[in-house]
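Structure at a glance
The primary structure of each chain is shown beneath.
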Amino acid sequence: MQKHKILAFLLALIVSIGLWVYAVTVVNPDDTVYIRDVRVRITGASALTSDGLMLTGGENQTVNIEIAGRRSDLKELNSSTVEATADVSNIDSPGTYEVSWKIGLPSTVASGDINIVSASSTRIKVAVSEYKERPAIPVEVEYVGVLPDGYVRDPAELDRETVAVSGPAEEVGKIAKAVITVDQDGATDSFAEDMEYRLVDENGEALELSEYVTIADPTVYITVPISYYKQINLKVGIIDGGGATQNDVELTIEPKTIGVTGSEEALQDLDELIIKEIDLAEITKDSQSWTLTPELPAGVSNRASEKTVTVTVTFVGIQTKTFTIPCADFERENDVESMEFGEPSVKITLRGTKEALAAIRTEDIKVFADMTNGYDAATKTVTLRIELPKNTTAGVIGGPYVVQIIETAA
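For clarity, every value in this text was computed on a predicted model and none was experimentally measured.

Moving on, we get to the side chain of Thr312. The topology assignment puts Thr312 in strand S23 (residues 309-315). Its relative accessible area of 17% is what places Thr312 among the buried residues. Within polar-contact distance, the side chain of Thr312 engages the side chain of Ser289 at 2.8 Å. What Thr312 contacts, discounting residues up to four positions off in sequence, is Glu250, Leu251, Thr252, Ser287, Gln288 and Ser289.

When glycine is set aside, most residues are seen to have a negative phi, and most peptide bonds are trans. For the bond running from Glu254 to Pro255, omega is 0°, close enough to zero to count as cis. Along the chain, Pro255 falls in the loop between strand S18 (249-254) and strand S19 (257-262). The omega angle of the peptide bond from Gly399 to Pro400 is 0°, so this bond is cis rather than trans. With respect to the element layout, Pro400 can be found in the loop between strand S31 (395-397) and strand S32 (402-407). Of note, Asp37 is a non-glycine position whose phi angle comes to about 55°, a positive value. Within the fold, Asp37 resides in strand S1 (residues 30-43).

With that settled, consider a nonpolar patch on the surface. Taken together, Ile6, Phe9, Leu10, Leu13 and Ile14 make up a surface patch of nonpolar side chains, about 510 Å² in accessible area. Among the secondary structure elements, Ile14 is positioned in helix H1 (residues 2-27).

For the rest of this paragraph, the subject is the pattern of salt bridges. Counted according to the given criterion, the structure contains 17 salt bridges. With its nearest N and O atoms 3.0 Å apart, the salt bridge here joins Glu140 to Lys177. Placement of the pair is Glu140 in strand S8 (residues 123-144) and Lys177 in strand S12 (residues 177-183), with a sequence separation of 37 residues. Given the relative accessible area of 36%, Glu140 is considered partly exposed.

For the rest of this paragraph, the subject is the packing of aromatic side chains. Within this structure, the stated rule accounts for two aromatic pairs. Here the aromatic rings of Tyr151 and Tyr228 are separated by 5.3 Å at their centres, their planes lie at 75°, and the arrangement is edge-to-face. Separated by 77 residues along the polypeptide, Tyr151 in strand S9 (residues 151-153) and Tyr228 in strand S17 (residues 226-239) bring together distant segments of the chain. Judged by centre distance (5.4 Å) and plane angle (75°), the ring pair of Phe330 and Phe341 falls under edge-to-face. Remark: Phe341 occurs in strand S26 (residues 339-341) and Phe330 occurs in the loop between strand S24 (319-326) and strand S25 (331-333); sequence separation between them is eleven residues. Of the residues examined, Phe341 reaches a relative accessible area of 18% and is grouped as buried. The cationic tip of Arg332 hangs over the ring face of Phe341; the distance from NZ or CZ to the ring centre is 4.9 Å. Residue placement shows Arg385 over the ring face of Phe368; its charged tip is 4.2 Å from the ring centre.

One open sheet holds the three strands; their spatial order is S24-S27-S31, and the pairing between them is antiparallel. In this open sheet, the two edge strands, each paired with only one partner strand, are S24 and S31. Ignoring which end each strand starts from, the neighbouring axes of this sheet average 45° apart. Looking at chain direction, S24 and strand S27 (residues 345-352) are connected through eight bridges and run antiparallel. The partner of Gln319 across the bridge, within S27, is Gly352.

Turning our attention to the sheet that holds strand S6 (residues 102-104). What holds strands together in a sheet is hydrogen bonding between their backbones, with the strands either parallel or antiparallel. The five strands are arranged S6-S4-S1-S3-S7 in an open sheet whose pairing can be described as mixed. In this open sheet, the two edge strands, each paired with only one partner strand, are S6 and strand S7 (115-119). Taken over all neighbouring pairs, the strand axes of this sheet differ in orientation by 40° on average, direction set aside. With three bridges joining them, strand S4 (residues 83-87) and S6 adopt antiparallel strand pairing. When the bridges of S6 are listed, Glu83 appears paired with Gly104.

Residues Val220, Ile222 and Val224 line the buried face of strand S16 (residues 219-224), whereas the alternating positions Thr219, Tyr221 and Thr223 sit on a face that is not buried. As paired elements, strand S10 (residues 157-158) and S16 share two bridges and run antiparallel to each other. What sits directly across from Glu157, in S16, is Thr223. Pairing between strand S13 (residues 191-196) and S16: six bridges, direction antiparallel. Looking at the pairing, Ala192 lines up with Thr223 of S16.

To continue, consider the nonpolar core. Counting residues in hydrophobic clusters, the biggest one holds 25 residues, and the most contacted among them are Phe330, Ile365 and Val403. Discounting residues that sit within four places of it in the chain, Ile365 has contacts with Phe323, Ile325, Leu350, Ile360, Ile386, Glu387 and Leu388. Of all hydrophobic cores here, the second largest spans 24 residues; its members include Val63, Ala86, Trp101 and Val128.

Further remarks concern the environment of Leu105. Turning to its location among the elements, Leu105 is positioned in the loop between S6 and S7. Classification of Leu105 as partly exposed rests on a relative accessible area of 21%. As for Leu105 and Asn78, which are separated by 27 residues in sequence, their C-alpha atoms are 9.8 Å apart. With residues up to four places along the chain from it excluded, the contact list for Leu105 reads Leu77, Thr81, Val82, Ala110, Ser111 and Ile114.

Rules behind the numbers
Residues numbered from 1 in each chain as written. Predicted model: local features only at pLDDT ≥ 70, side-chain atom pairs only at ≥ 80, totals over all residues. Heavy atoms only, no water. Helix = DSSP H or I, 4+ residues; strand = E, 2+ residues; numbered from the N terminus. Buried < 20%, exposed > 50% of the residue type's maximum accessible area, 1.4 Å probe, protein only. Polar contact = N/O pair within 3.5 Å; in protein donor to acceptor, adjacent residues only side chain to side chain. Contact = heavy atoms within 4.5 Å. Patch = residues over 30% accessible without salt bridge, like charges linked within 9 Å, V, L, I, M, F, W, Y side chains within 5 Å. Areas by Shrake-Rupley, 256 points an atom, 1.4 Å probe, with all protein chains shown as cover. Salt bridge = Lys/Arg side-chain N within 4 Å of Asp/Glu carboxyl O. Phe/Tyr/Trp six-rings, centres within 6.5 Å; stacked < 30°, edge-to-face > 60°. Lys NZ or Arg CZ within 6 Å of the ring centre and 35° of its normal. Pairing = 2+ DSSP bridges. Axes fitted to C-alpha atoms, helices over the stretch in contact; angles between N-to-C directions. Core = buried A, V, L, I, M, F, W, Y, C linked by side-chain atoms within 4.5 Å.

Below you can see the structure in the form of structure tokens.
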């Protein structure tokens with residue numbers, strides 16, 4: 001039995017040694033493999049930001065490597081499972097640098113069991129630039145094409161006046177403005193939409209920017225008002241009165257016309273606009289002016305830079321004369337015995353030609369005081385009605401005339 005145990009032990013030992021020799025020499029021998037296009041991943045780029053820098057080249061590089069190791073390990077290595085990494089966190093100024101890389105293996109392969117025999121390059125080139133932010137680049141609108149006859153365009157309205165751009169200082173620093181191009185050829189209606197813009201230098205040349213430039217928002221919402229345009233004449237209505245007609249005045253309107261915009265339908269029949277009605281009887285001066293803002297129909301806008309119009313009326317060939325009428329001469333209507341006139345007389349002004357005024361005497365002027373219907377209890381006054389001779393061309397101005405009333409005990 002003892003002899004059989006020894007023989008069994010020796011047999012097992014011989015088999016183990018044989019298997020070991022087989023595994024080493026046949027099953028898993030050392031070998032080499034050549035792997036093409038191993039991607040080099042750059043690390044530490046975020047650390048550049050703290051120094052005001054950014055990576056601007058070198059991200060998409062690959063290397064070819066020859067690796068030695070056990071055949072069982074090498075079977076797991078290819079361009080998808082092997083990765084190279086290059087750290088740029090130590091770079092502290094702009095420029096072009098050569099950075100070494102390290103091999104990265106899958107977790108199933110121990111790095112100590114693998115050796116790099118050769119590589120197409122032991123370093124890669126990277127570019128680092130100064131980082132710059134431009135938060136307020138002005139936006140400008142340019143127009144191409146021609147509007148149809150009779151149409152005008154108002155200034156465009158933008159949802160924002162500036163755009164934000166960031167990236168390499170050598171690129172971002174060249175940007176002068178953002179330009180939106182609007183084709184207005186044949187346009188008859190206003191339009192609004194999001195539009196792209198181009199970034200240009202100080203000469204207006206479009207810039208070809210790299211992928212490293214970041215534009216916060218590539219579009220701007222723009223509204224372009226387009227409307228029909230027309231020149232209309234301004235008119236003033238004259239109401240004869242106070243001894244004067246429109247033939248007795250010189251009327252000036254400045255400006256005489258204004259440009260307006262609106263829809264073609266709204267302006268189709270609008271050739272003139274009456275901006276004021278002037279009652280000559282209400283004017284007591286030799287000349288009077290008004291500064292007016294024309295009231296336009298709905299949907300019509302004044303295009304003039306100065307929105308007001310000055311109207312002046314000057315009397316020519318007529319004059320004024322004041323008469324003092326005693327209150328005792330008033331004809332009292334609907335009389336009330338408890339009311340007395342609180343003034344001895346009232347001054348009444350007439351206007352007309354010199355001859356017409358000379359022909360009127362004080363006693364020719366009839367003054368009526370309606371003590372009931374013309375009485376205002378709040379002001380204690382009676383409004384007077386004045387009549388002139390029927391054949392006169394003169395007229396009363398400066399009214400209405402009133403007289404103070406004193407109420408006495410009944």
